Amino acid sequence: MELDQLVEKFKQKDEKAFEKLYNMYSDSMHGVIYNIVRDHDIAQEVMQDVFIKAWHKADSYSSKKGRFFTWILNIARNAAIDKTRSKAFKNSKQNLNSDFFVDIIEGNENLDDKTDAIGIKKFVGKLAEKCKAVIELLYFKGYTQSEASEALDMPIGTIKTRNRNCIQELRNMVLN
């Protein structure tokens, strides 16, 4: 059966025509959708929605305006873009809530020996005392900047500035 006949039968709601067109174009549609959403499961879901939408709007297709493939490709592309703009999609791509990680680190003290795998402690030891204190708390004991501010009794702005300056000193030491 030629494509034009297949499309006409599709427009007349012929299920066999739908199945043949699905088999012909599903891989291409999946590829286009996946390139936009970057998730195979979501791409599969969107692709099925595209074919259902095409089935319901088949009468809007006109061979005078373009090829069937182009028509369904545009539906797929627009559906994928709509999916990425949806609130549910954006929420699924956000970082996990920190509540999931509460029990992973029991306390700030136990990080000391686990965080020196790359040997950075020897470079930190060469820093000025004010830098050592900030780096130690922020990077080796897992303190937040606010917690370090309280522990060292310094304004948070000072903690941020020292952190930035001390990290720059460390970079210079490692690169030289």
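See the structure shown above.
Note that the structure is predicted; figures quoted are calculated from it, not measured.

A closer look at the overall build of the protein chain
Move 1: Regarding its fold elements, the protein chain presents nine helices and zero strands.
Move 2: Listing the helices and strands of the protein chain from first to last along the sequence gives α-α-α-α-α-α-α-α-α.
Move 3: A fraction of 53% describes how many contacts in the protein chain between residues 6 or more apart in sequence connect residues 24 or more apart.
Move 4: For the protein chain, the accessible surface area stands at approximately 12000 Å², while carbon and sulfur atoms represent 50% of it.

Comments concerning helix α3 (residues 40–56)
Move 1: Taking 1.5 Å per residue as the helical rise, α3 with its 17 residues ought to reach 24 Å, and the 24 Å between its terminal C-alpha atoms agrees with that figure.
Move 2: Of the residues flanking the start of α3, the one acting as N-cap is Asp39, its side-chain oxygen 3.0 Å from the backbone nitrogen of Asp41.

Examining the pattern of salt bridges
Any two side chains of opposite charge can pair, on the condition that their charged atoms come close.
Move 1: Going through the model one piece at a time under the given rule, you end up with two salt bridges.
Move 2: A salt bridge links Lys83 to Glu45; the shortest N-O distance between them is 3.3 Å. With Lys83 in helix α4 (residues 68–85) and Glu45 in helix α3, this residue pair connects regions lying 38 residues apart in the sequence.
Move 3: In this structure, Glu129 and Lys132 form a salt bridge, with 3.0 Å as the shortest nitrogen-oxygen distance. Of the two residues, Glu129 and Lys132 are both situated in helix α7 (residues 129–140); the distance of three residues between them amounts to about one turn of the helix.
Move 4: We classify Glu129 as exposed; its relative accessible area is 58%.

Some thoughts on the state of the cysteines
Move 1: Enumeration according to the criterion identifies one disulfide in this entry.
Move 2: Covalently, Cys131 is tied to Cys166 through a disulfide, its sulfur atoms 2.0 Å apart. Linking Cys131 and Cys166, the disulfide has an S-S dihedral of approximately -80° and is accordingly described as left-handed. Of this pair, Cys131 sits in helix α7 while Cys166 sits in helix α9 (residues 156–175), and the two are 35 residues apart along the sequence. Of the two residues, Cys131 and Cys166, neither departs from the other in class, the shared state being buried.

Some remarks on the nonpolar core
Move 1: Ranked by size, the top nonpolar core spans 27 residues in total, and within it Phe10, Ile33, Val50, Phe68 and Ile72 carry the most contacts.
Move 2: Put simply, the parts of the chain that give this core at least two residues each are α1 (3–11), α2 (15–37), α3 and α4.
Move 3: Tallying contributions element by element places α3 first for this core, with eight residues.
Move 4: For Ile33, the residues in contact, after removing those within four places along its chain, are Ala43, Val46, Met47, Val50, Ala76 and Ala80.
Move 5: Within the second largest apolar cluster, eight residues are counted, among which are Phe123, Cys166, Ile167 and Leu170.

A look at the packing of helix α8 (residues 145–152) against α9
Move 1: The contact between α8 and α9 brings their axes to 9 Å, and the two run at 110°. Relative to α9, the element α8 is oriented roughly perpendicular. Each of Gln145, Ser146, Ala148, Ser149 and Leu152 in α8 lies in contact with α9, whose residues at this interface are Ile156, Ile159, Lys160 and Asn163.
Move 2: Of the residues belonging to the contact of α8 with α9, the class tally is four nonpolar, four polar and one charged.

Describing the packing of aromatic side chains
Move 1: Throughout the structure, instances matching the rule amount to twelve aromatic pairs.
Move 2: Ring centres of Phe18 and Tyr22 lie 6.3 Å apart, and the angle between their planes is 25°; on these two criteria the pair is classed as stacked. Pair noted here: Phe18 and Tyr22 are both in helix α2, with a separation of four residues, about one helical turn.
Move 3: Overall, the relative accessible area of 23% leaves Phe18 in the partly exposed class.

Describing the environment of His30
Move 1: With respect to the helices, strands and loops of the structure, His30 is situated in helix α2.
Move 2: Placed 13 residues apart in sequence, His30 and Ala43 show a C-alpha to C-alpha distance of 6.0 Å.
Move 3: When residues no more than four places from it in sequence are discounted, the contact partners of His30 are His40, Ala43, Gln44 and Met47.

Rules used in this analysis
Residues numbered from 1 in each chain as written. Predicted model: local features only at pLDDT ≥ 70, side-chain atom pairs only at ≥ 80, totals over all residues. Heavy atoms only, no water. Helix = DSSP H or I, 4+ residues; strand = E, 2+ residues; numbered from the N terminus. Contact = heavy atoms within 4.5 Å. Areas by Shrake-Rupley, 256 points an atom, 1.4 Å probe, with all protein chains shown as cover. Expected span 1.5 Å × (residues − 1). Polar contact = N/O pair within 3.5 Å; in protein donor to acceptor, adjacent residues only side chain to side chain. Salt bridge = Lys/Arg side-chain N within 4 Å of Asp/Glu carboxyl O. Buried < 20%, exposed > 50% of the residue type's maximum accessible area, 1.4 Å probe, protein only. Disulfide = S-S within 2.5 Å. Core = buried A, V, L, I, M, F, W, Y, C linked by side-chain atoms within 4.5 Å. Axes fitted to C-alpha atoms, helices over the stretch in contact; angles between N-to-C directions. Parallel < 35°, antiparallel > 145°, perpendicular 65-115°, else oblique. Nonpolar A, V, L, I, M, F, W, Y, C, P; charged D, E, K, R; others polar. Phe/Tyr/Trp six-rings, centres within 6.5 Å; stacked < 30°, edge-to-face > 60°.

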